[in-house]
Amino acid sequence: MKMKISALFVVACLLTSSASADRTDFATWTAGGSLMVDSASIFGTDIVLDLDLGQYIYTGLMAGGYARLEDNDILTSFSGGAMGKYHFFDDGSTPFAPYVGGRLGMMYASTEQDDTFALVIGAKLGMNYFLTENVALDASANATLATGDVFTDTDGLTNTDLTLTIGLEFFF
């Protein structure tokens, strides 16, 4: 498994103005992401950037899109598509808001030997911890399956990816 640590600084929390919408209410927008840089991985320097943008179409239910970039000595890949997540047990009384989510998209992967496109589908189980009313620390476990070998593994390339991510999410 890969561990992604956000390179977004908590200073961004201080720069974000307070939002008029409450957390995961209908019509609230959210933008978030994570950045992982590992200069000593078995794949050389490994860089992974994940970005999400969405809007709550019902209270607790978000629909949106995602973009992902991964680069290391073996593989360079780009992916994007639709995503959604549902916050359950989020009544606003605690800073914790657990959720389940999913992604469906396309991925382009390039290696020295081959370039390939693949359909990707993923599931996630996560938790938002609200630092302020409109800024949350986001932690999730993610499982992704692709129609081709587009992910790096210790044995080369594979069609599955399991990750843990930590990032920031902004609500406005």
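See the structure above.
Report on the accompanying structure. (Residues numbered from 1 in each chain as written. Predicted model: local features only at pLDDT ≥ 70, side-chain atom pairs only at ≥ 80, totals over all residues. Heavy atoms only, no water.)

A word on the pattern of salt bridges
Applying the stated criterion across every chain, the model contains 7 salt bridges. Note that Arg68 and Asp50 form a salt bridge whose closest N and O atoms lie 3.4 Å from each other. With Arg68 in strand β4 (residues 61-71) and Asp50 in strand β3 (residues 44-58), this pair connects stretches of sequence that are 18 residues apart. Comparing Arg68 with Asp50 shows no difference in burial state: the two are buried. Across the salt bridge formed by Asp50 and Arg103, the nearest N and O atoms sit 3.7 Å from each other. Of the two residues, Asp50 sits in strand β3 while Arg103 sits in strand β6 (residues 96-110), which places them 53 residues apart along the sequence. Here Asp50 matches Arg103 in class, with each residue buried. (Salt bridge = Lys/Arg side-chain N within 4 Å of Asp/Glu carboxyl O. Helix = DSSP H or I, 4+ residues; strand = E, 2+ residues; numbered from the N terminus. Buried < 20%, exposed > 50% of the residue type's maximum accessible area, 1.4 Å probe, protein only.)

A short note on the packing of aromatic side chains
Applying the stated criterion across every chain, the model contains 5 aromatic pairs. A ring pair is formed by Phe96 and Tyr129, whose centres lie 5.0 Å apart and whose planes are at 55 degrees; its orientation type is tilted. Within this pair, whereas Phe96 is found in strand β6, its partner Tyr129 is found in strand β7 (residues 115-132), the two being separated by 33 residues in sequence. Residue class for Phe96 comes out partly exposed when judged on its relative accessible area of 43%. (Phe/Tyr/Trp six-rings, centres within 6.5 Å; stacked < 30°, edge-to-face > 60°.)

Remarks on the side chain of Glu70
Structurally, Glu70 is set in strand β4. Its relative accessible area of 0% is what places Glu70 among the buried residues. Within polar-contact distance, the side chain of Glu70 engages the side chain of Arg68 at 3.1 Å. (Polar contact = N/O pair within 3.5 Å; in protein donor to acceptor, adjacent residues only side chain to side chain.)

Some words on a nonpolar patch on the surface
Residues Ile57, Tyr58, Leu61, Tyr86, Val100 and Leu125 make up a contiguous nonpolar surface patch of about 560 Å² in total accessible area. Positionally, Leu125 belongs in strand β7. When its relative accessible area of 52% is taken as the criterion, Leu125 is described as exposed. (Patch = residues over 30% accessible without salt bridge, like charges linked within 9 Å, V, L, I, M, F, W, Y side chains within 5 Å. Areas by Shrake-Rupley, 256 points an atom, 1.4 Å probe, with all protein chains shown as cover.)

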